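Structure at a glance
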Amino acid sequence: KQEVTQIPAALSVPEGENLVLNCSFTDSAIYNLQWFRQDPGKGLTSLLLIQSSQREQTSGRLNASLDKSSGRSTLYIAASQPGDSATYLCAVPLIQGAQKLVFGQGTRLTINP
Amino acid sequence: GAGVSQSPRYKVAKRGQDVALRCDPISGHVSLFWYQQALGQGPEFLTYFQNEAQLDKSGLPSDRFFAERPEGSVSTLKIQRTQQEDSAVYLCASSPSPEGETQYFGPGTRLLVL
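Before going into details, it helps to say that this report is about the structure given with it. None of the values given here were measured: they were computed from a predicted structure.

**So, a nonpolar patch on the surface**
- A cluster of nonpolar side chains, B:Val12, B:Leu112 and B:Leu114, forms an exposed patch at the surface whose accessible area comes to about 290 Å².
- Tracing the chain through its elements places B:Leu112 in strand 11 (residues 109-113).

Here it is, written out as structure tokens:
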């Protein structure tokens, strides 16, 4: 059974710092791994999707890496801004049948001005 | 263009009451997923439709939960005889692919059962 874990559960840093969010998964046989952002009262916004054949993906100040063999992914946020404050979730799809997503519990990030 | 919409956005129900949650997917999207997100947790899969066919309902927590998508577009998640543990945000996602690759999420319905 695939399990996804995110550490830490919450993180508070001053504006301008670079930071890393961690995600681990138990079954390395994955199609891809996705990072989402969730703002209070809102749905999920996809940030980055890394295919199983890739090692990293970049979008602006965000960089996500994937190490399938160790069952880990990291989301690196450069030069953090108060607008980055949100909950960040990682998810992997189950392989059998539909790609129903298995999510971690999320990291609640607060960027202090 | 229009994204996935859900209604109502908030619902307060008394324990034992029946509720119906609606999801309007992106037009033309083949697959539709429902997830349940408890406070402080990540979303958990409930059920999946490909067009009007419910192909997977393995995540529904009890027989009080029922979902339908009769015309392969709008979907309704119904919860009968609500209980306090049903309090959560219910998220709907749709995808243009039959298997659900690249899912687009709605804003969710926050259900509070008193």
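**Here we look at the sheet that holds strand 3 (residues 19-25) of chain A**
Residues and elements named next belong to chain A.
- Pairing is antiparallel in the open sheet, where five strands are placed in the order 1-3-8-7-6. Both edges of this open sheet fall to strand 1 (4-7) and strand 6 (56-59), since each of them pairs with a single strand only. For this sheet, the mean inter-axis angle between neighbouring strands, taken without regard to orientation, is 15°.
- In this structure, strand 7 (residues 62-67) lies alongside strand 8 (residues 72-77), joined through six bridges in antiparallel fashion. Paired with Ala 64 across the bridge in strand 8 is Leu 75.

**Regarding the nonpolar core**
- Membership of the largest hydrophobic core comes to 23 residues, with the highest contact counts inside it found for A:Val4, A:Leu19, A:Leu33, A:Trp35, A:Leu75, A:Ile77 and A:Tyr88.
- B:Ala13, B:Phe65, B:Ala67 and B:Leu111 belong to the second-largest nonpolar core, a separate cluster that totals 20 residues.

Reading the values: the criteria
Residues numbered from 1 in each chain as written. Chains lettered and ligands numbered in written order. Predicted model: local features only at pLDDT ≥ 70, side-chain atom pairs only at ≥ 80, totals over all residues. Heavy atoms only, no water. Patch = residues over 30% accessible without salt bridge, like charges linked within 9 Å, V, L, I, M, F, W, Y side chains within 5 Å. Areas by Shrake-Rupley, 256 points an atom, 1.4 Å probe, with all protein chains shown as cover. Salt bridge = Lys/Arg side-chain N within 4 Å of Asp/Glu carboxyl O. Helix = DSSP H or I, 4+ residues; strand = E, 2+ residues; numbered from the N terminus. Pairing = 2+ DSSP bridges. Axes fitted to C-alpha atoms, helices over the stretch in contact; angles between N-to-C directions. Core = buried A, V, L, I, M, F, W, Y, C linked by side-chain atoms within 4.5 Å. Buried < 20%, exposed > 50% of the residue type's maximum accessible area, 1.4 Å probe, protein only.

Fair warning: the whole summary comes from geometry, so function is off the table for now.
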